[in-house]
Amino acid sequence: MLSRSSFTSLVVGVFAVYVAHTCWVMYGIVYTRPCPAAADGAAGGCVWPYLARRPKLQLSVYTTTRSSIGAESNIDLVLNVEDFDIESKFERTVNVSVPKKTRNNGTLYAFVFLHHAGVLPWHDGKQVHVVSPLTTYMVPKPEEINLLTGESATQQIEAEKQTNALDEPVSHWRSRLTLNVMVEDFVFDGSSLPADVHRYMKMVQLGKTVHYLPILFIDQLSNRVKDLMVINRSTTELPLTVSYDKISLGKLRFWIHMQDAVYSLQQFGFSEKDADEVKGIFVDTNLYFLALTFFVAAFHLLFDFLAFKNDISFWKKKRSMIGMSTKAVLWRCFSTVVIFLFLLDEQTSLLVLIPAGIGAVIELWKVKKALKMTIRWQGLRPKFQFGAYNDSEKKTEEYDAQAMKYLSYLLYPLCIGGAGYSLLNVKYKSWYSWLINSFVNGVYAFGFLFMLPQLFVNYKMKSVAHLPWKAFTYKAFNTFIDDIFAFIITMPTSHRLACFRDDVVFLVYLYQRWLYPVDKSRVNEYGESYEEKSKKKSS
């Protein structure tokens, strides 16, 4: 059996190997080895860029309800850039006619052609084109109403439910189409073409040399949920913003891998909204900041694992509640479960939801340990039994109850007043949504007050030796990392502010650790003291 220290070392070692391997893979994506023969001017085995000939190009965007086209009559021209300059960035908004089939929950496709100027795309043997759906299917977001007045939105929701169940996905319009062309005059080695770029390349033989036509790419990461529009049956035209910018080979390969990663998430069951959160990290963030985010996220994952491991190990071996605030444990369990339900109701990203769910399960188990609870089954009916506290534990409970008494005078009026104010002035999807939001706002706004009983117990006992400091340390690192993620990952504002609230509480714990030095005669978190261990060893 591995000891705890060796297991932790093993985990850290695996983590270091993972980070090193990821850096190597990222380097392989960004750097592409050019054709060695190109430096000598030889053409053998090299694939040359067609754009080096500086052809006059034209960009055409068509729409159709079919995923493949064979005739001009099946498509509609929505944008035509005759003198297309691959070096010039542009953005244009056009109105697209929406066919009846698309309005009836159908799909509409965009065909983007890059071809020689003055020649129709289907008559140009050297044209390149890409296809992208302009529609996607999503469940419409329920409308929020005032729960007391109801206003006139209730009838509107009922009418929508009759024609269109809210649980059924409907067609949404993608209002943005982002195009890129790889502009580098890069000479590829024909024997080792990168697989990610190869599927976007079209080869032609010109004399004795092989050329690849311009690499046209549609940036799917720029399609965000916030830009989607529900397609109504009465809608005949919708706006489409077509934007273009050049792209380097390294960024193109990186973007292809990121799109494949997002697609893989959706194949594993992630919803469109979950995938959109990941897209936001890549699209709305500078690439250098994105690299920093990757390393921060990797360390966050490591510290999360170590914090959970040490917290579970601490509570698994704990036999006494001396110096530990039971009420703080109960409140932490309640607040964690409420936060998880709130994030679930808000359809928050799984990147935030999954750790919150794991934390809620661990907190429930800790309550069972704190209350010394045992569950015995009598047939199908559970019977709960609670253990007795000794004199030292009862003294701790007295300090705990004293702290809670003073806090209740401030906490309860604030929570009730906040819930009443939100009921009168804020719109919600349902009464359940209002209840969860009221609870979670109380947790976020005043939840740190429930951390004060533990500080009060520490003050009365003049000790912090009973606290799980290893788990605290890892959680502290994660708290500061969460401060960074609060600006990167989309989450409710109240959850974002709560990240900074925890910083203050941990600083107070650090101050108490400095204020109350270690006394070896004082019991530790397992109900043992250093002197007792020494006596056992000598005997």
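Residues numbered from 1 in each chain as written. Predicted model: local features only at pLDDT ≥ 70, side-chain atom pairs only at ≥ 80, totals over all residues. Heavy atoms only, no water.

Some words on the overall build of the protein
At step 1: Counting secondary structure elements, the protein contains 15 helices and 17 strands.
At step 2: By the burial criterion, 46% of the 539 residues in the protein qualify as buried.
At step 3: Sequence separation of 24 or more characterises 78% of the internal contacts of the protein that already satisfy a separation of 6 or more. (Helix = DSSP H or I, 4+ residues; strand = E, 2+ residues; numbered from the N terminus. Buried < 20%, exposed > 50% of the residue type's maximum accessible area, 1.4 Å probe, protein only. Contact = heavy atoms within 4.5 Å.)

Concerning the UniProt feature "transmembrane region" (unreviewed entry) in the protein
At step 1: According to UniProt, the "transmembrane region" (unreviewed entry) feature falls on residues 7-27, 287-308, 329-344, 350-367, 406-424 and 430-452.
At step 2: Secondary structure content for residues 329-344 is 100% helix and 0% strand, while the C-alpha to C-alpha distance between its ends is 23 Å.
At step 3: Strand forms 0% of residues 406-424 and helix 100%; the C-alpha atoms that close the span are 29 Å apart. (UniProt positions renumbered as here; feature names shortened; annotations may be inferred.)

With respect to the sheet that holds strand E1 (residues 46-49)
At step 1: The 4 strands are arranged E10-E1-E12-E11 in an open sheet whose pairing can be described as mixed. The sheet is open, and its two borders are formed by strand E10 (188-189) and strand E11 (203-206), each paired with just one other strand.
At step 2: Two strands pair when backbone bridges link them, and E11 and strand E12 (residues 209-212) are joined in this way by 4 bridges, in the antiparallel orientation. Residue Met203 lies in a different strand from E12, and its bridge partner there is Tyr212. (Pairing = 2+ DSSP bridges.)

Focus: the environment of Thr8
At step 1: Note that Thr8 resides in helix H1 (residues 4-30).
At step 2: It is 9.9 Å that separates the C-alpha atoms of Thr8 and Asn310, two residues lying 302 residues apart in sequence.
At step 3: Setting aside its immediate chain neighbours within four residues, Thr8 contacts Leu306 and Lys309.

Notes on unusual backbone geometry
At step 1: Even without a glycine there, the phi angle at Arg54 is positive, about 55°.
At step 2: Tracing the backbone shows Arg54 in the loop between E1 and strand E2 (57-64).
At step 3: Arg54 sits in the exposed class, given a relative accessible area of 57%.
At step 4: Located in the positive-phi region is Asn105, a residue other than glycine, with phi close to 65°.
At step 5: Mapped onto the fold, Asn105 is located in the loop between helix H2 (100-103) and strand E5 (109-116).
At step 6: You can call Asn105 partly exposed: its relative accessible area is 36%.

Quick look at the packing of helix H5 (residues 249-267) against helix H6 (residues 272-283)
At step 1: Taken N-terminus to C-terminus, the directions of H5 and H6 make an angle of 160°; their axes are 9 Å apart at the nearest point. Looking at the two axes, H5 sits roughly antiparallel to H6. Both H5 and H6 take part in a crossing whose hand is right-handed. In this structure, H5 contributes Trp255, Met258, Val262, Leu265 and Gln266 to the contact, and H6 contributes Glu272, Ala275, Val278, Lys279 and Phe282.
At step 2: The class makeup of the residues in the contact of H5 with H6 is 7 nonpolar, 1 polar and 2 charged. (Axes fitted to C-alpha atoms, helices over the stretch in contact; angles between N-to-C directions. Parallel < 35°, antiparallel > 145°, perpendicular 65-115°, else oblique. Left-handed = near helix turned anticlockwise from the far one by under 90°. Nonpolar A, V, L, I, M, F, W, Y, C, P; charged D, E, K, R; others polar.)

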